[in-house]
Amino acid sequence: MAYSGPFQPGDRVQLTDPKRRHATIVLEQDGQFHTHKGMIAHNDIIGADEGTVVKSEQGYEYLCFRHLLVDHVLSMPRGAAVIYPKDSAQILVEGDIFPGARVLEAGAGSGALSMSLLRAVGDRGEVFSYEIREDHLQFAESNVDQYFAGRPANWHPRLGDFKEVTVDDLGGPVDRIILDMLEPWECLETAKNLLLPGGVFMAYVATVPQLMRVMEGIREQKCFTEPRAWESLVREWRVEGLATRPEHRMNAHTAFLVCTRRLADGVTPPRPQRRARK
Ligand SMILES: C[S@@+](CC[C@H](N)C(=O)[O-])C[C@H]1O[C@@H](n2cnc3c(N)ncnc32)[C@H](O)[C@@H]1O
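Every value quoted in this text rests on a predicted model; they were computed, and no experiment measured them.

Draft legend 1. Quick look at the packing of helix α2 (residues 85–94) against helix α3 (residues 112–121). It is the contact of α2 with α3, at a shortest axis distance of 10 Å, that shows an interaxial angle of 40°. Viewed along their axes, α2 and α3 adopt a mutual orientation that is oblique. Judged by the sense of rotation from one axis to the other, the crossing of α2 with α3 is right-handed. Facing S88, I91 and L92 of α2, the residues of α3 in contact are A112, L113, S116 and A120. A per-class count over the contact of α2 with α3 returns five nonpolar, two polar and no charged.

Right under this line is the structure:
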């Protein structure tokens, strides 16, 4: 899949009209795209640079760009709610997803996080994505395949319950584990057995009771560092002269992020010291 350069057959292209309405097409030699403002010839786009403007038969103008990953995630079909880009960005950085990492995630859901993980680990890394529901796994597979224009060789989507995964299933322990599911606290024993010492474990949970249970569960395992919890709030701004102000609407709450690291075997976690009350 090409990320840049002139458009080629097979590219997914987003066309934006002057009213900022989007349509996505896959370029084919001699292909046609019919709009209510007339036909657009694919050949007028193939070979052109990204950011070019193409005209329909009726002279209506469309701006052409390849889909960015965020465009794909927000427009692709979903079986389950996706991790929003603002949160996957946190996971990639706070979870320290590095080139060459072996990463295990569950559930795969619609495959949104899988794509960000695959891009971050690069060709030398591996991503194992477990999903308990067959229909959701199919969404994940089709979304990932479509984005990468084929199945990445280093992606291992698997139908199954995370709780039953063994080190042998993965060909060895992993560097990072990310859980996005209803009851991650039930998976902590398994995560403990699959994660290398020093490895990062993250959970993504929507509600306060889930947050409390997963934090307590991590502490009870006694093989992880004191977990951190936070949420990310992103507010867009409208910047227009004297009318400059924050946007009225935002996706305020999506979910809480929890992060901890696996201790070496046999180590007792140091007790977190709380400040004495005055
Ligand atoms: C919110 S979705 C995940 C979305 C995904 N992270 C994404 O970005 O597209 C949660 C998924 O976890 C799956 N799930 C729940 N419990 C599971 C388990 N024990 N093992 C594997 N998958 C599980 C559900 O079927 C559901 O598809």
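Draft legend 2. Region of the structure containing the domain arrangement of the protein chain. Assigned domains of the protein chain: these are domain 1 (12–67) and domain 2 (71–261). Computed from C-alpha coordinates alone, the two centres of domain 1 and domain 2 are separated by 34 Å.

Draft legend 3. Structural context of the sheet that holds strand β5 (residues 52–55). The sheet built from four strands is open, its strands ordered β2-β1-β6-β5 with antiparallel pairing. Edge positions in the sheet fall to β2 (22–26) and β5, since each of these pairs with one other strand and no more. Ignoring strand direction, the axes of neighbouring strands in this sheet form an average angle of 35°. The sheet contact formed by strand β1 (residues 12–16) and strand β6 (residues 61–66) spans four bridges and is antiparallel.

Draft legend 4. Here's a closer look at the site of the ligand. Neighbouring the ligand are 22 residues; A80, G107, G109, A112 and M181 lie closest to it. When residues of the shell around the ligand are traced back to their parent elements, those giving at least two are α3 and β8 (126–131). Taken together, the residues of the shell around the ligand break down into twelve nonpolar, five polar and five charged.

Draft legend 5. Focus on the pairing of strand β10 (residues 174–179). Taking burial as the measure, the six residues of β10 include six buried ones, the bulk of the element. Sheet topology note: the strand β7 (residues 102–106)/β10 ladder contains four bridges and is parallel. Bridge pairing in β10 links V103 to R176. As judged from the five bridges shared by β10 and strand β11 (residues 195–205), these two strands associate in the parallel manner. For I177, the partnering residue across the bridge sits in β11 and is F201.

Draft legend 6. Geometry of the sheet that holds β11. Judged by pairing direction, the sheet is mixed, and its seven strands sit side by side in the order β9-β8-β7-β10-β11-β15-β12 without closing on themselves. Both outer strands of the open sheet, β9 (155–159) and β12 (228–230), are each paired with one neighbouring strand and no more. Looking at each pair of strands side by side, their axes are set apart by 15° on average, direction ignored. Sheet topology note: the β12/strand β15 (residues 256–261) ladder contains three bridges and is antiparallel.

Draft legend 7. The arrangement of helix α7 (residues 208–221) in detail. The first and last C-alpha atoms of α7 sit 20 Å apart over 14 residues, in line with the 20 Å expected at 1.5 Å per residue. Among all positions in α7, only Q210, V214, M215, G217 and I218 are buried. Looking straight down α7, one finds that the buried residues subtend no more than 160° of arc, so they occupy a single side. Away from its buried face by more than 90 degrees, α7 exposes V208, P209, E216 and E220. Buried residues along α7 sit against α6 (188–194), β11, β12 and β15. K222 sits one or two positions beyond α7 and adopts a positive phi of about 55°.

Draft legend 8. Local environment of unusual backbone geometry. In this model, A106 is joined to G107 through a cis peptide bond whose omega is -15°. Within the secondary structure, G107 sits in the loop between β7 and α3. With phi around 65°, D30 is a residue other than glycine that occupies positive phi space. Here D30 lies in the loop between β2 and β3 (32–35). The class for D30 is exposed, based on 9 C-beta atoms found within 10 Å. Despite not being glycine, K222 has its phi angle at roughly 55°, a positive value. Tracing the backbone through its elements, the reader meets K222 in the loop between α7 and β12.

What counts as what
- Residues numbered from 1 in each chain as written.
- Predicted model: local features only at pLDDT ≥ 70, side-chain atom pairs only at ≥ 80, totals over all residues.
- Axes fitted to C-alpha atoms, helices over the stretch in contact; angles between N-to-C directions.
- Helix = DSSP H or I, 4+ residues; strand = E, 2+ residues; numbered from the N terminus.
- Parallel < 35°, antiparallel > 145°, perpendicular 65-115°, else oblique.
- Left-handed = near helix turned anticlockwise from the far one by under 90°.
- Contact = placed C-beta atoms within 7 Å.
- Nonpolar A, V, L, I, M, F, W, Y, C, P; charged D, E, K, R; others polar.
- Domains from an automatic or database assignment.
- Pairing = 2+ DSSP bridges.
- Near = placed C-beta within 6 Å.
- Buried ≥ 20, exposed ≤ 12 C-beta atoms within 10 Å, placed from the backbone.
- Expected span 1.5 Å × (residues − 1).
- Arc of directions from axis to C-beta.

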